[in-house]
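Overview (structure and organization)
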Amino acid sequence: MKILEPLALNGITLPNRIAVPAMVTRLSGEDGFVNQPIIDRYVRYAQGNVGLIVVEATAVHSNKSGPLLRLSDDEFIPGHRELVNQVHATSDSKVVPQIIHFLKVARSGWRQTIDSLSPEDIERIIDQFGQAAARARQAGYDGVELHSAHAYTLSSFLSRRNPRRDEYDGRTLEGRLAMFGRVMASVRKHAGSDWTVGVRFLAEEAIKEGYTVEDAKLIALRMAQLGVDYISLSVGGKFEDAVHREGQPLYPYTGYSGDRCMPGDWYPPLPHAHLAASVKQYINAKGYTVPVISAGKISDPDDAERLLQTGQADMIGMARQLLADPDWPKKVAQGRADQIVRCIYCNVCKQLDENFKEVTCFLWPKGVNQAPPDATDGLGPRWPEGGAGLTATVERGIVKLSWKKAEAGASPIAGYNVYRAEDDSAARVTEAVKSAKHTDKMVLGGLRYTYYVRAHDAAGRATPPSDAVRIDFPVPIAEPASPHSEVHHA
Ligand SMILES: Cc1cc2nc3c(=O)[nH]c(=O)nc-3n(C[C@H](O)[C@H](O)[C@H](O)COP(=O)(O)O)c2cc1C
C-alpha cells in the first residue's frame, strides 16, 4: 500500500505517509512544561507507528492562556528533549512541534486583532518564531511546523479579512503573504536550512468574505517557493464567526467555521479532500513536489489509500481517528484493519478542549487518559449462546434497536458498533454505543434498512456480526387536516 511507503522530507524519512495533525491535549499545566502524561500521549502514537507526529500547538511567546505547551524560553527545552527521546526510543515515527503565536482574548469577548500590532511587535513575533524553532531543533525534534491556520496570528495575516494597510496590506495577496515570508526567513536563519520546516494553513477560511481554495492554491505556491518541506491543510476555525459564551474567552471553533474545522458526525466523510487535491495538483503543475497533507474526517484505510493512489494527497492526516485508535497504522500494516476502533466524530474531544479539560476519547474505557493498549493474544469478545438476539421496532420515524450484551474475552467489552446498510448498499458503522441499545432517528420511509451490531473490546477486537434485522417502512401518507381540529380555544 502506498500509505505504508516511506516519504523523505528535509533530512529525515518518514516510515509511512500517515500523520497525526496537532491536537491540543490540555494535559499540560498553565506553566507550559512538558509532563509525563503529555509524553505518554505522543509515545502512544509512536507505538502505533504513526509516520509523522505533530505535537500540539506550542507557544513561541509567553502570553497568558489556559493549559498550553511552550517553547518561549530555553527552560522549556529539557522537557521537549525528553519527549523526543521517548518517542524516538519507541519506533521510527518522526516528531515535530507545531509552533504558534496568538493574540490576546478576554472573557468579555474582546479580542486583539493584528491591526493593533506595531512594527516593533511584528519584529518581536518574527524573532520569537525563529527562536522557538531553534529551541525545537536543540530539543532534538525532527523539524517544526508553523501554525498559520485557524484563528491565530499568522493565519490572520493570510486572511482575506486582514485589516492592515501597510506592507502587510490585507487588500493584496502579496501583502497578506509578507508576514509568513519573514517568519519563514527567520526560522531558516535560526534553525538552519537542512531541517524540516512544515506549515499548516487553511485550504478555505469558511467565513463570510474569507478566502477560498483559489487563494489557498497561490498561498501554497508561495510557501513552496519559500522552501517549506510539507504543507498541511486545514479548514475554518476562525474568530470572525465564533459564538461568545458569557464569561468565557472566544473559542474559535464555535461558529460555522468551527464546524468545518472539526466536522462532526452529520458531515459526510472526507469533506475537505477535494480542497487538498486542488492545492496539490496546482503546485505540482507548477513544478513543486512539496508533500501535501490532507485531513478532515478520513478514517477508512481504503479512502486514505485511494487519496494517495489518485494523486489527491501525499500524506493522510487523521486527528480524531488517531486519538481514538493510535494503532491504526500498525493494524493496517498487519492486515488487522477490521480491529481499528473507528472514530464516530462525536466531538467529545472538541468539547473537552473548549472547556480546558484533558482531551480524551469517548471510545476509550471510562477514566483512562491514554488510548488503551493494542492486543493480539487472548480471546476477543463473543456473543452469548444463541447469539445477540438483535431486535428492531419502528415508531414515528425512529428505529429502536436492542440486543443482548456480549461476553468479554481477555479484556472487558468497550462498546458496540451499529452497522447499517441502506437498500442494497454496503453496511457502514452508523453509531458507536456503550450499552446494548440504540435509536436511529435518521431513517427515511420508502427505504429499506439492514442493521447488525458488533461488540468490541478496548483494543478493537470485535465479535462477528450479529444476526441482521431488516426494516422496511412506507413513505408516511399525510392525513388530510380536519377543518375542526385546527382551532383550539382555551
Ligand atoms: C481536541 C482537538 C484539538 C485540536 N488542536 C489543534 C491544534 O493544536 N492545532 C491544529 O492545527 N489543529 C488542531 N485541531 C484540528 C485537527 O488537527 C484537525 O485538523 C481536525 O480535527 C480535522 O481532522 P480530523 O477529522 O482527522 O479530526 C484540533 C482538533 C481537536 C479535535
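Data block above holds the structure.
Note that the structure is predicted; figures quoted are calculated from it, not measured. (Residues numbered from 1 in each chain as written. Predicted model: local features only at pLDDT ≥ 70, side-chain atom pairs only at ≥ 80, totals over all residues. Heavy atoms only, no water.)

1. Focus: helix α6 (residues 213–225)
The line we're drawing: Only DSSP runs of H or I covering at least 4 residues are called helices, and only runs of E covering at least 2 are called strands; the numbering of each starts at the N terminus. Here the expected span of a helix is defined as 1.5 Å times the quantity of residues minus one. For the exposure calls, accessible area comes from a 1.4 Å probe over protein chains only, and a residue counts as buried if that area is under 20% of its type's maximum, exposed if over 50%, partly exposed in between. Contacts are residue-level and defined by heavy atoms, with any inter-residue pair within 4.5 Å sufficient.
If you check α6, its first and last C-alpha atoms are 18 Å apart, about what 13 residues at 1.5 Å a residue would give, namely 18 Å. All of the buried residues along α6 are Val 213, Asp 215, Ala 216, Lys 217, Ile 219, Ala 220, Leu 221, Met 223 and Ala 224. On its buried side, α6 packs onto α4 (153–158), α5 (173–191), β8 (196–204), β9 (230–235) and α8 (273–285). Positive backbone phi, at 90°, marks Gly 227, one or two positions downstream of α6.

2. Some thoughts on empty space enclosed by the protein
Spelled out, the test is: As defined here, a cavity is a set of points on a 1 Å grid over the protein atoms alone where a 1.4 Å probe fits but cannot get out. A pocket is an open set with protein on both sides within 12 Å along at least five of seven lines, and residues line them when an atom is within 4 Å of a point. Grid points are joined across faces, edges and corners, and a volume is the space filled by probe spheres set on the points. Here the nonpolar group is Ala, Val, Leu, Ile, Met, Phe, Trp, Tyr, Cys and Pro; Asp, Glu, Lys and Arg are the charged ones; every other residue, Gly included, is treated as polar.
Tallying each qualifying case throughout the model produces six cavities of 30 Å³ or more. In this structure, the largest cavity spans a volume of roughly 80 Å³. Lining the largest cavity are 13 residues, with Cys 343, Cys 346, Cys 349, Cys 361 and Phe 362 positioned closest to its centre. Secondary structure elements with two or more residues in the lining of the largest cavity: α10 (320–324) and α12 (348–354). Residues that form the lining of the largest cavity fall into these classes: ten nonpolar, two polar and one charged. The space that makes up the second largest cavity amounts to roughly 50 Å³. If you go around the second largest cavity, the residues you meet are Phe 362, Leu 363, Ala 414, Gly 415, Tyr 416, Ala 432, Val 433, Lys 434 and His 456. Within the residue set of the lining of the second largest cavity, elements represented by two or more residues are β14 (413–422) and β15 (428–433). When residues in the lining of the second largest cavity are grouped by element, the largest group, three residues, is from β14.

3. A few points about the environment of Tyr 345
Our working rule: Definition of a polar contact: a pair of N or O atoms within 3.5 Å, with one able to donate and the other able to accept a hydrogen when the atoms are protein atoms, and with sequence-neighbouring residues admitted only if both atoms are side-chain atoms.
Relative to the assigned elements, Tyr 345 resides in the loop between α11 (328–333) and α12. In the structure, Tyr 345 is positioned 21 residues away from Ala 324 in sequence and 9.8 Å away in space, judged by C-alpha atoms. If near-sequence neighbours (up to four positions away) are discounted, Tyr 345 is found in contact with Pro 263, Gly 264, Asp 265, Lys 297, Ile 298, Ser 299, Arg 320 and Gln 321. Within the structure, Tyr 345 has its side chain in polar contact with the backbone oxygen of Ile 298 (distance 3.5 Å).

4. Considering the sheet that holds strand β16 (residues 437–440)
Definition in use: The pairing criterion for strands is at least two bridges between them, as found by DSSP. A fitted line through C-alpha atoms serves as each axis, taken over the contacting stretch for helices, and the angle formed by two N-to-C directions is quoted from 0 to 180°.
Pairing in this open sheet of three strands is antiparallel, and the strands run β12-β13-β16 from one edge to the other. Whereas interior strands pair on both sides, the edge strands pair on one side only; in this sheet they are β12 (391–395) and β16. For this sheet the average axis-to-axis angle between neighbouring strands, irrespective of direction, equals 15°. One ladder, built from five bridges, connects β12 with strand β13 (residues 398–402); its direction is antiparallel. Bridge pairing in β13 links Glu 395 to Ile 398.

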